[in-house]
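# Chains, contacts and geometry: an overview
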Amino acid sequence: MLRIGQFTDTFLPIVDGVGRVALAYSETLCKMGHQVTVVSPMYDTGFRGGYPFELVDFDARSLPGMKQYKAGEAPWDPHYRHRMKMIPLDIVHTHSPFTAGSEALRLAVLRKLPLVATFHSKYYDDFLKVTKSDKLAKAGVKFVVDFYNRCDEVWAVGQNTADVLHEYGYEGEIQVMPNGVTLRTASPASVEEVNRRWGLKKEPLILFVGQMNWKKNILTILEACAELKQQNQKFHLILAGQGPDMREIERKISELNLKERTHLAGHITDNELLDGLYTRASIFAFPSLYDAAPMVVREAAVMGTPSVMVRGSTAAEIIRNGENGFLCENTPEDLARVIREALANPETLKRIGQNARDTIPVPWENILGAAVERYTRLIALGREGKLNKKYLRVI
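Because the structure is a prediction, the values reported are computed rather than measured.

## Details of the environment of Arg3
Its place among the elements puts Arg3 in strand β1 (residues 3-7). With 33 residues separating them along the chain, Arg3 and Val36 place their C-alpha atoms 5.9 Å apart. If we ignore the near neighbours within four places in the chain, the residues touching Arg3 are Gln35, Pro88, Leu89, Asp90 and Ile91.

## Some words on the sheet that holds strand β3 (residues 54-58)
Ordered in space as β3-β2-β1-β6-β7-β8-β9, the seven strands form an open sheet in which the pairing is parallel. Looking along the sheet, the strands with just one partner apiece sit at the ends: β3 and β9 (174-176). In this sheet, adjacent strand axes meet at a mean angle of 25° when their direction is disregarded. Pairing of β1 with strand β2 (residues 35-41), which is carried by five bridges, proceeds in the parallel orientation. When the bridges of β2 are listed, Phe7 appears paired with Val39.

## Re the packing of aromatic side chains
Summed over the entire model, instances satisfying the criterion amount to 16 aromatic pairs. Between Phe98 and Phe143 the ring centres are 6.2 Å apart and the planes differ by 10°, which places this aromatic pair in the stacked class. Placement of Phe98 in the loop between β6 (91-94) and α3 (99-111) and of Phe143 in helix α5 (residues 134-149) is noted, with a sequence separation of 45 residues between them. Look at Phe98 and you get partly exposed, because its relative accessible area is 27%. By relative accessible area, which is 40% here, Phe143 ends up partly exposed. Ring plane angle 10° and centroid distance 5.7 Å describe the contact between Phe208 and Phe286, whose orientation is recorded as stacked. Of this pair, Phe208 sits in strand β10 (residues 205-209) while Phe286 sits in the loop between β13 (283-285) and α11 (295-302); the two residues are 78 residues apart in sequence, bridging distant segments of the chain.

## Some remarks on the pattern of salt bridges
Following the criterion strictly, the structure yields 23 salt bridges and no others. Arg320 serves as the salt-bridge partner of Glu323, at 2.9 Å between the closest nitrogen and oxygen. Take Arg320: its relative accessible area is 41%, and that puts it in the partly exposed class. Three or more residues joined by partner-sharing salt bridges are found here, namely Arg20, Arg184, Asp275 and Glu299.

## Structural notes on unusual backbone geometry
Despite not being glycine, Lys112 has its phi angle at roughly 60°, a positive value. With respect to the secondary-structure elements, Lys112 resides in the loop between α3 and β7 (115-119). A relative accessible area of 72% means that Lys112 is categorised as exposed. Its identity as a non-glycine residue notwithstanding, Asn232 has a phi of 65°, on the positive side. Among the structural elements, Asn232 can be located in the loop between α8 (218-230) and β11 (236-240). Asn232 sits in the exposed class, given a relative accessible area of 68%.

## Let's talk about the pairing of strand β8 (residues 153-156)
By the alternation rule, side chains of β8 split into Glu153 and Trp155 and Val154 and Ala156, which are all buried. Here β7 runs beside β8; their pairing, made up of four bridges, is parallel. Looking at β8, one finds that Phe119 is bridged to Ala156. Summarising the sheet, β8 and β9 pair through three bridges and their orientation is parallel. Bridge pairing in β9 places Ala156 opposite Val176.

## Quick notes on the nonpolar core
By size, the foremost hydrophobic cluster in this structure holds 62 residues, and its most contacted members are Trp198, Ile206, Leu239, Leu277, Tyr278, Phe284 and Val308. Counting residues in each nonpolar core, the second largest holds 36 residues, with Tyr80, Ile87, Phe127 and Tyr148 among its members.

## Brief notes about the sheet that holds strand β14 (residues 307-310)
Strand order across the open sheet formed by six strands is β12-β11-β10-β13-β14-β15, with parallel pairing between neighbours. In this open sheet, the two edge strands, each paired with only one partner strand, are β12 (262-266) and β15 (326-328). When strand polarity is set aside, the average angle formed by the axes of neighbouring strands in this sheet is 25°. In this structure, β11 lies alongside β12, joined through four bridges in parallel fashion. Looking across to β12, one finds that Leu237 is bridged to Thr262.

The rules behind each value
Residues numbered from 1 in each chain as written. Predicted model: local features only at pLDDT ≥ 70, side-chain atom pairs only at ≥ 80, totals over all residues. Heavy atoms only, no water. Helix = DSSP H or I, 4+ residues; strand = E, 2+ residues; numbered from the N terminus. Contact = heavy atoms within 4.5 Å. Pairing = 2+ DSSP bridges. Axes fitted to C-alpha atoms, helices over the stretch in contact; angles between N-to-C directions. Phe/Tyr/Trp six-rings, centres within 6.5 Å; stacked < 30°, edge-to-face > 60°. Buried < 20%, exposed > 50% of the residue type's maximum accessible area, 1.4 Å probe, protein only. Salt bridge = Lys/Arg side-chain N within 4 Å of Asp/Glu carboxyl O. Core = buried A, V, L, I, M, F, W, Y, C linked by side-chain atoms within 4.5 Å.

Shown next, in the form of structure tokens:
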């Protein structure tokens, strides 16, 4: 049995992609017989029983302009430090280079433990949006690269994602450790609830699930749907999620005269309802140029729903055009064309959806089996004193 610390800056009830990966790691490792402690900023102080892992969170505050996310300095939270002193760990794995990552590094140095860090996101894009400064965004990227240089092993969720980190300036070896998914089926009742809740009939459903953030290329989806409407294509569009650009997205929907065909579903915490949405959808539109290895595309595939993504994007690494999904150019016109042609051939669409289900989802148990092997190797190297020397002033 390994004693594993999973560190993440986003966790329940925030269920963005990174938080869901951290949750899946933690739940699956526990099923495999390991002891897991999750460390994250404090998001919820209500009753949180029922987890198979220990959740130790630290005092945190909402980030300016990103109220759904929080950050804090774990070492300055005495309650957190007292709890962590009582928890033994064999290895530390962080899914973020920021506040949770800093705490993972601190504990790894203090306890002489191996430190694994997974690279998930295109941080330059995030820094640029917040700071509006290329210089400051590059300084943020340098901070990220410096962090990964201090880790004993670096993982990425795909080869394209690993390439991004190398482009940022990281020169070390990167182990590709893709995201998995939980294989399951949706109940007929959940699909009926989707139809009832959003007043859907037999029209095709175009679905997007993710942050309501322009960086997800949502504008391209909306403009493509406006073009489909002009071409008299029948459809409904559902956007599920929350985020900083929600009001602007609502305004754009009105401006494009899409209100009668578009539903903003908000943040969905009911997994059965979300599965019903994936199953009811005819096609999953995810033209993001930002995402690395989106969980939502894998979860759509589990339900037999194919995705349409931008050709050459990091997110589209798993898509084979016309076989297990669709690729388009990064224009509303081409996205509209691909969706229109897909909806015009229901049997082909169904076959491609089945291929998506057969080829894209990999069970988390398979992914975590490989992860445990690497954890075990690193723990052995650490005990032999053969790991990289980490440097940090320990508080």
